[in-house]
Amino acid sequence: NHVAGFCPEVELITLLGESDRREDLVRQGLLPNVRLSLTTRHQAPTIHKRRFIDDYTSARMFEIYVMEDAPLEARDEAELVHTLRRTMGDYDVVVVADYGHGMLTPAVVEVLCRHAKFLAVNTQANAGNRGFNTISKYPRADYVCLAGHEIALETRMRHAEWYDLVLEVTKRIECPRFTITQGKEGSLHYAVGSGFTEVPALATKVEDRVGAGDAFLGVTSLLVAQNTPWDVVGFIGNLAGAQMVAELGNRVTVSKSSITKHVISLMK
């Protein structure tokens, strides 16, 4: 939805389970300009993550995952690969939000890397993948966007400088452009040949961090694909993140109009 707030046409390719499918819920949450292409994961439920929060502070206490995260069955993988090959050539930008739950197998990754016109990738580190989902599973990309803990996990260098971590990752994946999001410290951007750019965070209210990284990835992928200067990329990306962290959960969708209003208010 964050990408759809800036583009006339978006296609969402994803998996839903054979059981506990929840397809109506998924469709109800999409903007009108999002086309949904579904592949069924047989003998598995749709992934469901339930968070338990403190009613007073809104702090997360724990969460429960309902999912099957083994690699896809051959028939499901073949259908997903076919869908990607059939559709990717129609789109200017392919944004991969890889949550590490079994959908993006080596065969699927190969298709993405080979056929996307512009490939933007995030490999999320979460409680459901326990550190096994890192960016080096992709041999190439056009843009990589990672959170600070995700790049530290990839490099196994917890206490190194951010600059050194980025440079280390450039040895592991063929990619010319990187962003590292750092929460309240803002974002760090790197382009091969032109160096680093730092951009401060813009959030004034932090209610919940869920969804901020996805919003940042979606919005900045579109900008980087158009060779937007890094200071602008970071500014708009951090505005998108600020809008998300100000609300509990994913109740808001970042859009061109909401970002424009935010920019105008800051510039007054």
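Summarised in this report is the structure supplied together with it. None of these values were measured; they are calculated from a predicted model.

Reading the values: rules and limits
- Residues numbered from 1 in each chain as written.
- Predicted model: local features only at pLDDT ≥ 70, side-chain atom pairs only at ≥ 80, totals over all residues.
- Heavy atoms only, no water.
- Helix = DSSP H or I, 4+ residues; strand = E, 2+ residues; numbered from the N terminus.
- Rg over C-alpha atoms; globule rule 2.2 N^0.38 Å.
- Contact = heavy atoms within 4.5 Å.
- Expected span 1.5 Å × (residues − 1).
- Buried < 20%, exposed > 50% of the residue type's maximum accessible area, 1.4 Å probe, protein only.
- Salt bridge = Lys/Arg side-chain N within 4 Å of Asp/Glu carboxyl O.
- Phe/Tyr/Trp six-rings, centres within 6.5 Å; stacked < 30°, edge-to-face > 60°.
- Polar contact = N/O pair within 3.5 Å; in protein donor to acceptor, adjacent residues only side chain to side chain.
- Pairing = 2+ DSSP bridges.
- Axes fitted to C-alpha atoms, helices over the stretch in contact; angles between N-to-C directions.

Moving on to the overall build of the chain. A tally of regular secondary structure across the chain gives eight helices and 10 strands. For a compact globule of 268 residues, the expected C-alpha radius of gyration is about 18 Å, and the chain comes in at 18 Å, within 12% of that figure.

On the secondary structure map, alanine 127 appears in the loop between β6 (119-123) and β7 (143-147). Separated by 62 residues in sequence, alanine 127 and tyrosine 65 place their C-alpha atoms 8.9 Å apart. Beyond its immediate stretch of four places on either side in the chain, alanine 127 contacts Glu63 and Tyr65.

Turning our eyes to something else, we now look at helix α7 (residues 230-245). For an α-helix, 3.6 residues make a turn, and residues three or four places apart therefore share a direction. Taking 1.5 Å of rise per residue, the 16 residues of α7 would be expected to cover 22 Å, and the 22 Å separating its terminal C-alpha atoms lies within 8% of that figure. For α7, the buried fraction is high: 13 of the 16 residues fall into the buried class.

Turning next to the pattern of salt bridges. Within the structure shown, the criterion is met by 12 salt bridges. Residues arginine 60 and glutamate 63 are paired through a salt bridge, measuring 3.4 Å at the closest nitrogen-oxygen approach. Take arginine 60: its relative accessible area is 45%, and that puts it in the partly exposed class. Its relative accessible area of 24% is what places glutamate 63 among the partly exposed residues. Residues arginine 140 and aspartate 142 are paired through a salt bridge, measuring 2.8 Å at the closest nitrogen-oxygen approach.

Right, let's talk about unusual backbone geometry for a bit. One can expect most non-glycine residues to show negative phi and most peptide bonds to be in trans. The residue arginine 22 is not glycine, and still its phi comes out positive at about 60 degrees. Within the secondary structure layout, arginine 22 lies in the loop between β1 (10-19) and α1 (23-28).

Turning next to the packing of aromatic side chains. Summed over the entire model, instances satisfying the criterion amount to four aromatic pairs. Taking the centre distance of 4.5 Å and the plane angle of 15 degrees together, the rings of phenylalanine 52 and phenylalanine 62 count as stacked. Taken together, the positions of phenylalanine 52 in strand β3 (residues 48-53) and phenylalanine 62 in strand β4 (residues 60-66) put the pair 10 residues apart, joining distant regions of the chain. The partly exposed category is assigned to phenylalanine 52, whose relative accessible area is 30%.

Moving on: the side chain of glutamate 154. Mapped onto the fold, glutamate 154 is located in helix α4 (residues 148-155). At a separation of 3.0 Å, a polar atom in the side chain of glutamate 154 contacts the side chain of threonine 134. Among all residues touching glutamate 154, those that are not within four sequence positions of it are Thr134, Ile135, Ser136, Val169 and Arg172.

Backbone hydrogen bonds hold the strands of a sheet together, and the pairing may be parallel or antiparallel. Reading across from one edge, β5-β6-β7-β8-β9-β10 is the order of the six strands in this open sheet, with mixed pairing throughout. What marks the edges here is a single partner per strand, and that holds for β5 (94-98) and β10 (195-199). Each strand of the sheet is rotated relative to its neighbour by a mean of 15 degrees, with strand direction disregarded. Sheet topology note: the β7/strand β8 (residues 177-181) ladder contains four bridges and is parallel. When the bridges of β8 are listed, cysteine 145 appears paired with threonine 179. Its contacts with the sheet put helix α6 (residues 212-225) on β5, β6, β7, β8 and β9 (187-191), and the angle it makes with β7 is roughly 155 degrees.

A few words now on the side chain of threonine 39. One can find threonine 39 in strand β2 (residues 34-45). Contact partners of threonine 39, with chain neighbours within four places excluded, come to Thr14, Leu15, Leu16, Asp76, Glu79, Leu80 and Thr83.

A large share of β9 lies buried, amounting to five of its five residues. The side-chain alternation of β9 yields two buried faces, one formed by Ser187, His189 and Ala191 and the other by Leu188 and Tyr190. Both β8 and β9 contribute to a ladder of five bridges, which runs antiparallel. By the bridge assignment for β9, isoleucine 180 is matched with leucine 188. The turn joining β8 and β9, which pair antiparallel and follow one another in sequence, is formed by five residues; a positive phi near 60 degrees is taken by glycine 183. Sheet analysis places β9 next to β10, joined by five bridges and oriented antiparallel. When the bridges of β10 are listed, alanine 191 appears paired with glycine 195. Hairpin connection of β9 to β10: three residues between the antiparallel strands, including glycine 193 at a positive phi of 100 degrees.

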